[in-house]
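# Understanding the architecture of this molecule
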Amino acid sequence: EEEAKKEAEPTQQLLQKIQIRIGAARSATDKEALSFKLAIQTALKKAAAMDEKKRIQAVFSKYDKDKDKMLNKREITVFSKTEYNFTIPDEDFKSILSVLAPDGAKG
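Residues numbered from 1 in each chain as written. Predicted model: local features only at pLDDT ≥ 70, side-chain atom pairs only at ≥ 80, totals over all residues. Heavy atoms only, no water.

## Quick word on unusual backbone geometry
Our working rule: Helix and strand definitions here come from DSSP, where helices need a minimum of 4 consecutive H or I residues and strands a minimum of 2 consecutive E residues; each element is numbered from the N-terminal end. The cut-offs for exposure are 20% and 50% of the maximum accessible area for each residue type, with area from a 1.4 Å probe on protein chains only; residues under the lower value are buried, those over the upper are exposed, and the others partly exposed.
Of note, the phi angle at K69 is positive, near 65°, even though the residue is not glycine. Phi is positive for N85, which is not a glycine, with a value near 50°. Of note, N85 is situated in the loop between α2 (73–84) and α3 (90–100). With relative accessibility at 62%, the residue N85 sits in the exposed group.

Structure, rendered in structure tokens:
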């Protein structure tokens with residue numbers, strides 16, 4: 001019986017080492033799986049943001065008739081009426097412009 005214990009001891013030590021390595025490999029795999037999942041989520045969010053940006057740029061381009069990369073009063077009026085069926089009152093429009101384009105700046 002004593003001799004059987006001596007023979008089994010190296011096998012048990014080897015088994016313990018293997019179990020430790022399996023645990024470390026499992027932990028590393030779990031970490032990589034989480035990292036991969038987060039990378040997929042980030043890529044999906046980025047793709048959605050890019051799609052939204054393209055959509056916004058397309059709408060903007062549709063109303064920027066003079067292609068100066070800014071909407072003037074006429075272009076904004078057409079935009080608000082067409083996209084939202086809303087007419088901006090002249091006083092409100094002046095207030096908005098005073099904030100967005102102070103001192104007569106183009107905007």
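## A closer look at the layout of surface pockets
Our working definition: In this analysis the probe radius is 1.4 Å and the grid spacing 1 Å, with only protein atoms considered; a cavity is a set of points the probe fits into but cannot get out of, a pocket is an open set with protein on both sides within 12 Å along at least five of seven lines, and lining residues have an atom within 4 Å of a point. Grid points are joined across faces, edges and corners, and a volume is the space filled by probe spheres set on the points.
Each pocket or cavity is described by its volume, and for the largest pocket that value is around 180 Å³. If you go around the largest pocket, the residues you meet are R55, I56, V59, F60, L71, I76, F79, E83 and Y84.

## Focus on the environment of K67
Here K67 shows up in the loop between α1 (2–63) and α2. By relative accessible area, K67 is classed as exposed at 57%.

## Some thoughts on the packing of aromatic side chains
Our working rule: Ring geometry is summarised as follows: Phe, Tyr and Trp rings, the Trp one being its six-membered ring, pair when their centres sit within 6.5 Å, and such pairs are stacked at plane angles under 30 degrees, edge-to-face over 60 and tilted between the two.
Under the defined criterion, the tally for this structure stands at two aromatic pairs. For the pair Y63 and F79, a centre-to-centre distance of 5.4 Å together with 80° between the ring planes defines the contact as edge-to-face. In this pair, Y63 sits in helix α1 while F79 sits in helix α2, placing the two residues 16 residues apart along the sequence. With 5.7 Å between their ring centres and 75° between their planes, F79 and Y84 make a pair best called edge-to-face.

## Quick look at a nonpolar patch on the surface
Counted only if it meets this: Only residues whose relative accessible area exceeds 30% and that form no salt bridge enter a patch; like-charged residues are grouped when within 9 Å of one another, and nonpolar side chains (Val, Leu, Ile, Met, Phe, Trp, Tyr) when within 5 Å. Only the protein chains shown count as cover for residues, and the accessible areas themselves come from Shrake-Rupley with a 1.4 Å probe. A pairing counts as a salt bridge when a side-chain nitrogen of Lys or Arg comes within 4 Å of a carboxyl oxygen of Asp or Glu.
A grouping of L14, I18 and I22 is seen on the molecular surface, where their side chains present a nonpolar patch of about 260 Å² in accessible area. Looking at where I22 falls in the secondary structure, it is placed in helix α1.

## Considerations on α2
Threshold: The length a helix should cover is 1.5 Å for every residue beyond the first. It is the directions from the helix axis to the C-beta atoms that the arc portrays.
Between the first and last C-alpha of α2 there are 16 Å, a value that for 12 residues agrees with the 16 Å anticipated at 1.5 Å per step. The complete set of buried residues in α2 reads E75, I76 and S80. Down the axis of α2, the sector holding all buried residues measures 130°, keeping them to one side. Seen from the open side of α2, the exposed residues pointing more than 90 degrees away from its buried face are R74 and T82.

## Points about the side chain of E75
Put simply, the rule reads: Only four residue types enter the charge count: Lys and Arg as positive, Asp and Glu as negative, with His and the chain ends excluded. For the purposes of these results, a polar contact is taken to be a pair of N or O atoms within 3.5 Å, where, inside protein, one atom must be able to donate a hydrogen and its partner to accept one; residues adjacent in sequence count only when each atom of the pair is a side-chain atom. Here, two residues are considered to be in contact whenever any of their heavy atoms come within 4.5 Å of each other.
Positionally, E75 belongs in helix α2. Among buried charged residues, E75 stands out as having no salt bridge; its nearest opposite-charge side chain is R74, 5.2 Å away. Among the polar contacts listed, one links the side chain of E75 to the backbone nitrogen of D66, at a separation of 3.2 Å. Setting aside chain neighbours within four positions, we find E75 in contact with Y63, D64, K65, D66 and M70.

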